Structure formats: C-alpha cells, structure tokens
Amino acid sequence: MLQQFWFLLLLALSILVCLVLMPPSTDQSSGYQYKPFIMWTPGDHVNDSTQNEVTYGYHPDQPLPFSHKLHAGDRDIPCQFCHSSASKSTVAGIPTVETCMGCHNYVNTDAEPIKQLKESFDKKKPIEWTRVHNLPHYVRFSHQVHLRARDSKGELLLGKTADEVCMACHGPVKEMTTASQYAPLQMGWCVDCHNRIREPATESKAAVPFAPVNCNVCHY
Ligand code: HEC
Ligand code: HEC
Ligand code: HEC
Ligand code: HEC
Ligand code: HEC
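Please read these numbers as outputs of a predicted model, since none were measured by experiment.

Undergrad: Quick one: what's the story with the overall build of the protein chain, residue by residue and with numbers?
TA: Regarding its fold elements, the protein chain presents 9 helices and 4 strands. If you list the helices and strands of the protein chain from N to C, you get α-β-β-α-α-α-α-α-α-α-β-β-α. Residues classed as buried in the protein chain amount to 9% of the 220 residues present. Within the protein chain, residue pairs in contact and separated by at least 24 positions form 57% of the contacts whose partners lie at least 6 positions apart.

Structure representation (structure tokens):
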C-alpha cells in the first residue's frame, strides 16, 4: 500500500517536471508566446485580448487563397493601391473585385482561383472576406490620422515609407498569405505607443508627446 503511494507521487512529480521544462511555443505569424499552463502567471493576461474574443495571430479561413506575400511582397504592390481609403478616412477598406480584375483580366487567367474571381466579377457578387481586425464599438480609431502623423521636420512618425507605417501596426504583412492579426489591439498597446512617440527634448523644452492619452480621445 505504502509502496504504491510513493510510486504515484514519483510519477506525478516527473510529469510536473516535464511540464515545467517544456519550451514555450511561439506563433510564427504573430510572435506571441504560448506558455505551458504550468508557467502561467496572473500578469500574463493583462495585455491579452482573449477577454474581448480577439486573439493574437487570428487568421480566419478566407473564400479565396489571396496572398499578401505574392502581391505586396514579391510584386511590391503598395498597400494603398488596394487599401485606398486608409489615407482618406477612418477605415482602410478591402479592395473590390473590380480592383482585382484590373490586373486579373490579364494575369494568371487560367488559375482556378482567378476563374472564381472572374465568376464573382461577371455575376457582380462581392467576395465575402472574413474580417480579421475588430475594435470594440466604444473605441474611436482613424487610419487617416495615423498615416498623416509627422514630426516637426515633416518626417513620417510611424515608418520611413507609407508601407512601413502600415506594418508598424500590422506586422510583416509582406510575408503573410491572407492577413492575420498581429497587434493585440488592446488599450495598453495604443496608449503605450501614444506615450512613447515624442518630439525629442531640446535644451529649452522637455519632450512633448505627439499623441494624446486623454480618455475621450479614444472613447466616445
Ligand atoms: C496590380 C496587379 C494585381 C492586382 C490588383 C491583383 N493581383 Fe493577384 N496577382 C498579380 C500577379 C502579377 C500575380 C502572379 C504572381 C505570380 O504568379 O508570380 C497574381 C496572382 C494571384 C493569385 C494566384 C493565382 C495562381 O496562380 O494560383 C491569386 C489567387 C490572386 N492573385 C488573387 C487576387 C485577388 C483576390 C486580388 C484582389 C483583391 C488580386 N489578386 C489583385 C497581380 C495583381
Ligand atoms: C505605433 C504607434 C501608435 C499606435 C499603436 C496607436 N497610435 Fe494613435 N496615434 C499615434 C500618433 C503618433 C498620433 C498623433 C497623430 C497626429 O496628431 O499627428 C496618434 C493619434 C491618435 C488619435 C487622434 C488624436 C487626435 O488628436 O484627434 C486617436 C483617436 C488615436 N490615435 C487612437 C488610437 C487607438 C484607439 C489606437 C489603438 C487601437 C492607437 N491610436 C494606436 C500613434 C499610435
Ligand atoms: C496606428 C496603428 C495602425 C496603422 C498605422 C495602420 N493600421 Fe490598419 N488597423 C489598425 C486597427 C486598430 C484596426 C482595427 C480597426 C477597427 O476595428 O475599427 C485596423 C484595421 C485595418 C483593416 C481592416 C478594417 C478596415 O479599416 O478597413 C485594414 C484593411 C487595414 N487596417 C489596413 C491598413 C493599411 C493598408 C495601413 C497602411 C496604409 C494600415 N492599416 C495602418 C491599426 C493600424
Ligand atoms: C493586391 C491587393 C492588396 C495589397 C497590395 C495589399 N492588400 Fe491587404 N488585403 C487585401 C485583401 C483582398 C484582403 C482581405 C483578405 C485577407 O484578410 O487577407 C486584405 C486584408 C488585409 C488586412 C486585414 C483586414 C481585416 O479584415 O481586418 C490587413 C491588416 C491588410 N490587408 C494590410 C495590408 C498591408 C499592410 C499591405 C501592404 C504591405 C497590404 N495589405 C497590401 C488586398 C491587398
Ligand atoms: C489611445 C487610445 C486609448 C486611450 C487614450 C484610452 N483608451 Fe480605453 N480602450 C482603448 C481600446 C483600444 C480599448 C479596447 C481594447 C481593450 O479592451 O483593451 C479600450 C478599453 C477600455 C475599457 C474597457 C476594458 C475592458 O476590458 O472591457 C475601459 C473601461 C477603458 N478603456 C477606459 C479608459 C479610461 C478610463 C481612459 C483614460 C484614462 C482610457 N480608457 C484611455 C483605447 C484607449
């Protein structure tokens, strides 16, 4: 009886040791580290969006195998060629079938997904892409203000080029197939950047933040 008890205790202990030593796995597309549950500490989830049913690296199935890598990466098509509302409005927008057909009337017309694209075009039926990013309704966000943000010398604040500005928030989209969510989209993520990006201090003036952190800037 006593011997059995020690055996079970030893077994339980060795399982525990294995769990602790298990290396954390990293999600390739988002860089988010999934720890084995035994290494979880309460602070881990403070900047995690699971409570809002949004997850890092969220990557839903899409109706067509569209690849950002092929278009924005290999072919270097500018982000705003397709997401053309970004500089004019709050939303970036998803390209219409017409935008795709501007090229695919001529490019790879024999490929199966392009035939599908052509069929949507002929039937005037939009492609129903599944939305990846979704802020809660009580948050105000505008693409336009972020794309325009410049320092006092007139340089873009969030990246050297327009495409880099997009990727400051959306991550390495040029290496993704269909888009996946890279940023946590949490309040901490927004506020952290708003606090960090400052007009550098001079001898006469302290560093000034460009972006406000008052509650009513982001909340209705
Ligand atoms: C500016 C031109 C351009 C636009 C706009 C464009 N594409 Fe493409 N697309 C290309 C080129 C070029 C290729 C071929 C790349 C290759 O084969 O190396 C391609 C390839 C593809 C492929 C792969 C086809 C295969 O051979 O399997 C798919 C799918 C595709 N595009 C979907 C789309 C969709 C959906 C849109 C609209 C959201 C779109 N493309 C908009 C230029 C474009
Ligand atoms: C990578 C840095 C960065 C991130 C991340 C970021 N912002 Fe900003 N935001 C800025 C900068 C810089 C400005 C200042 C733009 C200007 O006024 O030129 C700004 C301005 C704003 C403004 C406009 C303020 C005004 O003056 O009207 C709002 C609203 C805003 N951000 C909301 C958000 C929200 C909501 C998020 C998160 C979902 C977010 N931002 C994430 C950098 C960032
Ligand atoms: C400051 C961070 C930031 C920058 C810079 C940024 N985005 Fe976004 N993007 C977001 C956030 C946050 C959302 C979610 C917005 C929502 O749910 O209302 C989003 C949503 C989107 C969406 C889907 C919804 C929509 O607005 O149509 C697309 C597409 C998109 N971004 C593309 C881009 C492109 C292209 C660029 C560069 C031209 C860019 N983004 C620059 C933070 C950013
Ligand atoms: C040839 C057209 C094209 C180009 C160029 C392009 N995109 Fe997209 N983008 C799409 C399409 C189509 C979708 C919808 C399918 C998907 O989610 O992948 C999309 C989706 C997205 C989304 C997710 C939107 C959502 O649902 O929340 C983001 C973010 C995004 N693109 C960013 C970028 C960035 C950043 C670049 C430049 C590096 C870029 N895109 C270049 C066509 C394009
Ligand atoms: C730069 C933008 C920004 C500013 C400034 C900001 N918030 Fe938020 N806030 C967000 C975003 C984005 C979310 C949604 C994501 C989340 O739940 O973290 C949010 C969520 C919240 C929530 C809901 C949290 C939850 O888990 O449901 C509360 C409450 C809140 N904010 C209060 C405040 C207060 C109070 C201030 C001022 C001290 C403030 N916010 C300033 C962007 C901002």
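More follows now that the structure is in view.
Undergrad: For the site of ligand 5, give the residues involved together with the corresponding values.
TA: Looking at ligand 5, there are 15 residues lining it, with Gln186, Met187, Cys190, Cys215 and Cys218 nearest. Contributions of two or more residues to the shell around ligand 5 are made by α8 (187-196) and α9 (215-218). Counting residues per element, the shell around ligand 5 draws most heavily on α8, at 4 residues. For the shell around ligand 5, the residue count by class is 10 nonpolar, 5 polar and no charged.

Undergrad: Pulling in residues and values, what's your account of unusual backbone geometry?
TA: Positioned with a positive phi, Asn108 is a non-glycine residue whose angle comes to about 50 degrees. In this fold, Asn108 is placed in the loop between α4 (97-104) and α5 (112-122). We classify Asn108 as exposed; it has 12 C-beta atoms within 10 Å. Phi at Leu185 is positive, roughly 60 degrees, even though this residue is not glycine. In this structure, Leu185 sits in the loop between α7 (162-170) and α8.

Undergrad: Could you give an account of the site of ligand 2, with specific residues and numbers?
TA: Among the 22 residues in the neighbourhood of ligand 2, the closest are listed as Phe141, Ala149, Cys190, Cys193 and Ala211. Take the shell around ligand 2: its biggest share by element is 4 residues, from α8. For the shell around ligand 2, the per-class residue count stands at 19 nonpolar, 2 polar and 1 charged.

Undergrad: Please provide a residue-by-residue account of the nonpolar core, values included.
TA: Among the nonpolar cores identified, the biggest contains 7 residues, and these are Ala72, Cys79, Ala86, Ala92, Leu147, Val165 and Cys166. In this view, Cys79 contacts Ala72, Ala162, Asp163 and Cys166; residues no more than four positions away in its chain are not counted.

Undergrad: An account of the environment of Gly159 is needed here, citing residue identities and associated values.
TA: Mapped onto the elements, Gly159 comes out in the loop between α6 (143-148) and α7. Judged by local crowding, Gly159 falls into the partly exposed class, with 15 C-beta atoms found within 10 Å. Placed 10 residues apart in sequence, Gly159 and Ala149 show a C-alpha to C-alpha distance of 9.9 Å. Excluding residues within four positions of it along the chain, Gly159 makes contact with Glu164, Val165, Met167 and Ala168.

Undergrad: Go over the environment of Tyr182 with me, naming the residues and quoting the values.
TA: Considering the arrangement of structural elements, one finds Tyr182 in the loop between α7 and α8. Residue class for Tyr182 comes out buried when judged on the 22 C-beta atoms lying within 10 Å of it. Sequence-wise, Tyr182 and His59 are 123 residues apart; in three dimensions their C-alpha atoms are separated by 9.6 Å.

The rules behind each value
Residues numbered from 1 in each chain as written. Chains lettered and ligands numbered in written order. Predicted model: local features only at pLDDT ≥ 70, side-chain atom pairs only at ≥ 80, totals over all residues. Helix = DSSP H or I, 4+ residues; strand = E, 2+ residues; numbered from the N terminus. Buried ≥ 20, exposed ≤ 12 C-beta atoms within 10 Å, placed from the backbone. Contact = placed C-beta atoms within 7 Å. Near = placed C-beta within 6 Å. Nonpolar A, V, L, I, M, F, W, Y, C, P; charged D, E, K, R; others polar. Core = buried A, V, L, I, M, F, W, Y, C linked by C-beta atoms within 7 Å.

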